[in-house]
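Spelled out from the first residue to the last, the chains are:
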Amino acid sequence: MERPTKEQISALPLYIGLGLSNIYIVENEQQATDALHVLLTEPRLGFDTESKPIFQKGQVSPGPSLIQLATETTAFLFPTRFPCAVAAAKQILTNQNIKKIGFGIKDDNKELRNKLNIDITNTQDLSVTLKQLAGEKNSIGARAAVAMMLGKRLGKGAQKSNWGAYPLKENQILYAANDAHSAICVDRALASLRS
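Residues numbered from 1 in each chain as written. Predicted model: local features only at pLDDT ≥ 70, side-chain atom pairs only at ≥ 80, totals over all residues. Heavy atoms only, no water.

Some points on the environment of Asp187
Then, number 1: Among the secondary structure elements, Asp187 is positioned in helix H7 (residues 170-194).
Then, number 2: When the C-alpha atoms of Asp187 and Ser10 are compared, they prove to be 22 Å apart, with 177 residues separating the residues in sequence.
Then, number 3: When residues no more than four places from it in sequence are discounted, the contact partners of Asp187 are Arg44, Ile101, Gln124 and Leu126. (Helix = DSSP H or I, 4+ residues; strand = E, 2+ residues; numbered from the N terminus. Contact = heavy atoms within 4.5 Å.)

Some points on the pattern of salt bridges
Pairing between side chains of opposite charge can happen when their charged atoms approach one another.
Then, number 1: As enumerated under the stated definition, the model contains 4 salt bridges in all.
Then, number 2: Note that Arg113 and Asp119 form a salt bridge whose closest N and O atoms lie 2.6 Å from each other. (Salt bridge = Lys/Arg side-chain N within 4 Å of Asp/Glu carboxyl O.)

Considering the nonpolar core
Then, number 1: By size, the foremost hydrophobic cluster in this structure holds 23 residues, and its most contacted members are Leu39, Phe47, Ile67, Leu69, Phe78 and Leu93.
Then, number 2: The greatest single-element share of this core, amounting to 7 residues, is contributed by helix H3 (residues 83-93).
Then, number 3: Non-local contacts of Leu93, meaning those with residues more than four positions away in its chain, are made with Phe47, Ile67, Leu69, Lys100, Leu112, Ile118, Asp119, Ile120 and Thr121.
Then, number 4: Grouped together as the second largest cluster of nonpolar side chains are 22 residues, Ile9, Tyr15, Ala183 and Cys185 included. (Core = buried A, V, L, I, M, F, W, Y, C linked by side-chain atoms within 4.5 Å. Buried < 20%, exposed > 50% of the residue type's maximum accessible area, 1.4 Å probe, protein only.)

Some remarks on the packing of aromatic side chains
Then, number 1: Per the counting criterion, the structure on display carries 3 aromatic pairs.
Then, number 2: Considering the side-chain rings of Tyr24 and Phe76, the 5.4 Å spacing of their centres and the 25 degrees angle between planes classify their relative orientation as stacked. Here the residue Tyr24 occupies a position in strand E1 (residues 23-25), and Phe76 occupies one in strand E4 (residues 75-79), the gap between them amounting to 52 residues.
Then, number 3: Residue Tyr24 is classed as partly exposed on the basis of its relative accessible area, which comes to 41%.
Then, number 4: The exposure class of Phe76 is buried, given its relative accessible area of 5%. (Phe/Tyr/Trp six-rings, centres within 6.5 Å; stacked < 30°, edge-to-face > 60°.)

So, unusual backbone geometry
Note on backbone geometry: most residues besides glycine have negative phi, and most peptide bonds are trans.
Then, number 1: The omega torsion of the bond from Tyr166 to Pro167 falls at 5 degrees, within 30 degrees of zero and hence cis.
Then, number 2: Of note, Pro167 is situated in the loop between helix H6 (142-150) and H7.
Then, number 3: A positive phi angle, close to 60 degrees, is found at Asn117, a residue other than glycine.
Then, number 4: Among the structural elements, Asn117 can be located in the loop between helix H4 (105-116) and strand E6 (123-125).
Then, number 5: A positive phi is found at Asn122, a non-glycine position, where the angle reads about 55 degrees.
Then, number 6: On the secondary structure map, Asn122 appears in the loop between H4 and E6.

Quick word on the packing of helix H5 (residues 126-134) against H7
Then, number 1: One way to put it is that H5 packs onto H7 with a least axis distance of 11 Å and a crossing angle of 35 degrees. The two elements H5 and H7 meet at a crossing, and its hand is left-handed. Seen from H5, the contacting residues are Leu126, Thr129, Leu130 and Leu133; seen from H7, they are Ala183, Val186, Asp187, Leu190 and Arg194.
Then, number 2: Taken together, the residues of the contact of H5 with H7 break down into 6 nonpolar, 1 polar and 2 charged. (Axes fitted to C-alpha atoms, helices over the stretch in contact; angles between N-to-C directions. Left-handed = near helix turned anticlockwise from the far one by under 90°. Nonpolar A, V, L, I, M, F, W, Y, C, P; charged D, E, K, R; others polar.)

If you want it as structure tokens, here you go:
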């Protein structure tokens, strides 16, 4: 198993993941309850956050604007501007019985702890797992991991968009949900390698 080159990745078919009909945005108490009803039954979830990008040196990140959690069939987006969304996401992220799987989790953890007082438990950083498996000296990000494990190219079009703006645009919703969704799919592919 080795990290593909940028050229090899760009030749791969696009990772499609979840469509809009399988992505839910949590903005009110009822939606938070519905999200918890689904997510609390899952043993493993794909996880990611999005923050407003910083373009000037010395600027401080305002912290995560969005928390994403995904099963293999559904994703929930928790905009941190809604206290009920933050409270629901915190219930999942601090739940010892649910493994949160993502890429570069250390940075997400730090931001969530410092800005939202959320201490995530039971995590797996696929960047580290794949780095060890591939014998690489650098960690492996989501784009390279999706190429290695799923043979697809993860689109990164909305990555640098303004995550602080609201409502989210369609391309942001798809991008954010599928960043978390790709993590659970890479994890499943890794599990099938081991069995």
